[in-house]
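Geometric and topological summary
In case you want the letters, here they are:
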Amino acid sequence: MGVKLGILGLGTVGTGTVQLLQDLQGRHPLLQEVEICRIGVRSPNKSRPVNLPQEILSGDLSAIVNDPQIDIIVELMGGLEPARTLIMTAIENGKHVVTANKAVISRFGEEIFTAANASGVYVMFEAAVAGGIPVIKTLKQSLSVNKLHSIIGIVNGTTNYILTRMQTEGSELEEVLADAQRLGYAEADPTADIDGLDAGDKIAILASLGFGERINLQDVYCEGIRQITKTDIAYAGKLGFVIKLLAIAKNQTGDKSQLSVRVHPTLVSQTHPLASINGVYNAILVEGEPIGQVMFFGPGAGAGPTGSAVCSDILNLVATIKTNTAQANPLLSCRHKEYCHIAPISQLVTRFYARFLTKDHPGVIGKLGTCFGKYQVSLESVVQTGFQGEMAEIVVVTHDVKEGDFRQSLEEIHTMEAIDSIPSILRVL
Ligand SMILES: NC(=O)c1ccc[n+]([C@@H]2O[C@H](COP(=O)([O-])OP(=O)(O)OC[C@H]3O[C@@H](n4cnc5c(N)ncnc54)[C@H](OP(=O)(O)O)[C@@H]3O)[C@@H](O)[C@H]2O)c1
Ligand SMILES: N[C@@H](CCO)C(=O)O
Ligand code: NA
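Computed from a prediction, not measured in an experiment: that's the story for all the values here.

Moving on, we come to the packing of helix H12 (residues 364–374) against helix H13 (residues 403–414). For any two helices packed against each other, one specifies the crossing angle of their axes together with the interaxial distance. Running from amino to carboxyl end, H12 crosses H13 at an angle of 140 degrees, the nearest separation of the two axes being 9 Å. Classified by the angle between their axes, H12 and H13 sit oblique to one another. In the crossing of H12 with H13, the sense of the turn from one axis to the other is right-handed. Contact residues: H12 offers Leu 368, Cys 371, Phe 372 and Lys 374, while H13 offers Phe 406, Ser 409, Leu 410, Glu 412 and Ile 413. Grouping the amino acids of the contact of H12 with H13 by side-chain chemistry returns 6 nonpolar, 1 polar and 2 charged.

Let's shift gears to the coordination of the sodium ion (ligand 3). Those donors, Glu 126 (O), Glu 126 (OE), Val 129 (O), Gly 131 (O) and Ile 133 (O), are the protein atoms that reach the sodium ion (ligand 3), and they lie 2.4 to 2.8 Å from it. Of note, the donors binding the sodium ion (ligand 3) are all from one chain and are spaced E-x2-V-x1-G-x1-I. Assessed through its relative accessible area of 1%, Glu 126 is described here as buried.

Relative to the helices and strands, Lys 4 resides in strand S1 (residues 3–8). Apart from the residues within four sequence positions on either side, Lys 4 is in contact with Glu 35, Cys 37, Gln 69, Ile 70, Asp 71 and Ile 72.

Further remarks concern unusual backbone geometry. A cis amide bond links Glu 81 with the next residue in sequence, Pro 82, at an omega value of 5 degrees. The topology assignment puts Pro 82 in the loop between strand S4 (72–75) and helix H3 (83–92). Here the amide bond leading from Glu 289 into Pro 290 is cis, since omega sits at 15 degrees, within 30 degrees of zero. As for its placement among the helices and strands, Pro 290 is situated in the loop between strand S11 (281–289) and strand S12 (292–299). Even without glycine at this site, Ala 130 takes up a positive phi of about 55 degrees. Assignment of secondary structure puts Ala 130 in the loop between strand S6 (123–124) and helix H5 (136–140). Here Ala 130 falls in the buried class, since its relative accessible area comes to 1%.

Per the counting criterion, the structure on display carries 23 salt bridges. A salt bridge links Asp 179 to Arg 165, with the shortest nitrogen-to-oxygen separation between them at 2.8 Å. On the criterion of sequence distance, the pair formed by Asp 179 in helix H7 (residues 173–182) and Arg 165 in helix H6 (residues 157–169) is long-range, its members being 14 residues apart. Arg 165 carries the same exposure label as Asp 179, and that label is buried. Arg 355 serves as the salt-bridge partner of Asp 232, at 2.8 Å between the closest nitrogen and oxygen. Here Asp 232, found in helix H10 (residues 230–238), pairs with Arg 355, found in strand S13 (residues 349–358); they are 123 residues apart in sequence, far enough to count as distant. The same class applies to Asp 232 as to Arg 355, namely buried. Three or more residues are tied together by salt bridges with common partners; here these are Arg 165, Glu 169, Asp 179 and Arg 182.

Residues given the UniProt feature "active site" (unreviewed entry) here are Lys 202. With respect to the helices, strands and loops of the structure, Lys 202 is situated in helix H9 (residues 197–211). Its relative accessible area of 6% is what places Lys 202 among the buried residues.

Spatial ordering of the open sheet is given by S3-S2-S1-S4-S5-S6, a layout of 6 strands whose pairing is parallel. Lying at the two open borders of the sheet, with one neighbouring strand each, are strand S3 (57–58) and S6. In this sheet, S4 lies alongside S1 in parallel orientation, the contact comprising 4 bridges. Note that in S4 the partner of Ile 7 across the bridge is Val 74. Helix-sheet contacts for helix H1 (residues 12–21) involve S1 and strand S2 (34–40), and the interaxial angle to S2 is about 155 degrees.

What follows is about the layout of surface pockets. Estimated volume of the largest pocket: approximately 1600 Å³. Looking at the largest pocket, it is lined by 48 residues, and the ones nearest its centre are Thr 12, Val 13, Gly 78, Lys 102 and Glu 187. Mapped by element, the contributors of at least two residues to the lining of the largest pocket are H1, helix H4 (102–119), H6, helix H8 (191–194) and H9. Considering each element in turn, the lining of the largest pocket owes the most residues, 4 residues, to H9. Of the residues contributing to the lining of the largest pocket, the split by class is 18 nonpolar, 17 polar and 13 charged. Of the volumes computed, that of the second largest pocket is approximately 430 Å³.

This part is about the site of ligand 2. Neighbouring ligand 2 are the residues Lys 102, Val 155, Asn 156, Gly 157, Thr 158, Asp 193, Asp 198, Lys 202, Gly 300 and Ala 301. Taking Asn 156, its side chain carries an N or O atom lying 3.4 Å from an oxygen atom of ligand 2. At 2.6 Å, a side-chain N or O of Thr 158 approaches an oxygen atom of ligand 2. Contact with the protein chains hides 82% of the accessible area of ligand 2, taken as 260 Å² for the molecule alone. Cavity membership is defined here by more than half of the atoms lying within 2 Å of grid points; on that basis ligand 2 lies in the largest pocket. Sorting the residues of the shell around ligand 2 by element identifies H6 and H9 as the ones contributing at least two each.

The rules behind the values
- Residues numbered from 1 in each chain as written.
- Chains lettered and ligands numbered in written order.
- Predicted model: local features only at pLDDT ≥ 70, side-chain atom pairs only at ≥ 80, totals over all residues.
- Heavy atoms only, no water.
- Axes fitted to C-alpha atoms, helices over the stretch in contact; angles between N-to-C directions.
- Helix = DSSP H or I, 4+ residues; strand = E, 2+ residues; numbered from the N terminus.
- Parallel < 35°, antiparallel > 145°, perpendicular 65-115°, else oblique.
- Left-handed = near helix turned anticlockwise from the far one by under 90°.
- Contact = heavy atoms within 4.5 Å.
- Nonpolar A, V, L, I, M, F, W, Y, C, P; charged D, E, K, R; others polar.
- Donors = N, O, S within 2.8 Å, 3.2 Å for Na, K, Ca; no water.
- Buried < 20%, exposed > 50% of the residue type's maximum accessible area, 1.4 Å probe, protein only.
- Salt bridge = Lys/Arg side-chain N within 4 Å of Asp/Glu carboxyl O.
- UniProt positions renumbered as here; feature names shortened; annotations may be inferred.
- Pairing = 2+ DSSP bridges.
- 1 Å grid on protein atoms, 1.4 Å probe; cavity = no way out; pocket = protein on both sides within 12 Å on 5 of 7 lines; lining within 4 Å.
- Points joined across faces, edges and corners; volume = space filled by probe spheres on them.
- Near = heavy atom within 4 Å.
- Polar contact = N/O pair within 3.5 Å; in protein donor to acceptor, adjacent residues only side chain to side chain.
- Areas by Shrake-Rupley, 256 points an atom, 1.4 Å probe, with all protein chains shown as cover.
- Sits in = over half its atoms within 2 Å of the grid points.

So this is what it looks like as structure tokens:
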């Protein structure tokens, strides 16, 4: 007997998944057991780039998750609702679930995985983070024998594409964004990508797998790339850095009480392995004991790569169904019980880059230095190269400092007569 799939959504990822399942030569033989039974879409009569019997397509998604014949529901529609309710119904009906939906998993993980464990089914989500890069199963299985120190990723292709082009062309964000939308790399509403929210969902998922407990999405600090200018990219370059939107989960103390989970644009040394990840590509650098550093690189989106991730989950489920064991496989099910304590961003210890516009008075750099000293901010470098109109431009890079102390020093600096403005404050890896 074949394993029967009900697929919800036949857009970019759904199409990539169906195309892979329709072309089985040279792939794992277990995929031959898979039978695409029903596909739910919004507009069943729309023309599609895949050949399917018309009767398979339906606009009644609820009927699919309630169909007793279906073994696995593959949710590839996106959005919070009705995706969440359909996933929950599928689980209650004893069906395994595969989803690419990072938004649903990062927000409703507790409800979904608790229900799945109670129903004795698995919810798989390899496609939800970094598309085709097999990072979910790797963190859950291969790397889970390590004690992790950090997970640092470029997990949003749209912003990496924009930052890469700003860097190579010396352009401003708006120009590149408009072009990226025209080329179909950025969505019509790019908010979730540009403001770091998509990367926030993804690092919440990776952190929960890497550090063994649930993450409350509200605790994840998210800062996007809207404020990045070509001026900062140029200064960063002169100082030996590139600017990347990094998603970081880091255990600052080793006892999980100081886990920091955050997304923000970051100055990355040009010699760091993540500095050379350009365009729409994703990469994730994991550091743990005893493995040391391991990095995954590849396509984070697109029909083929994401379809590959979805089908790898389907393959795992087919193998499980075919082995017919009543025991839950702890490497496939969710083991989380508690929520992680996440340190507030004010407790973060990091280096900073800051750019000041000041009056061109004697002694300004000295006054800045004195104020920094008062708040334990030690400077690694100070550069004054340019002018913006009448204003002198001063760029500093600090040594490691507690974010709360640094922000306090900036509050005082803001009140100085010689300081016009502080156009940018960025963290340095
Ligand atoms: N695109 C990527 O490269 C990528 C990468 C990683 C993860 N993901 C995730 O994969 C999921 C799907 O993304 P996608 O890019 O494939 O989306 P998409 O191209 O917009 O396709 C969505 C599909 O779902 C159907 N659909 C949406 N809402 C529906 C509703 N309320 N009722 C019935 N059908 C509905 C649409 O039907 P119609 O075709 O009839 O409109 C369409 O077939 C999302 O969770 C996304 O975050 C995408
Ligand atoms: N919008 C996402 C797609 C993959 O989740 C990105 O740009 O990486
Ligand atoms: Na993946």
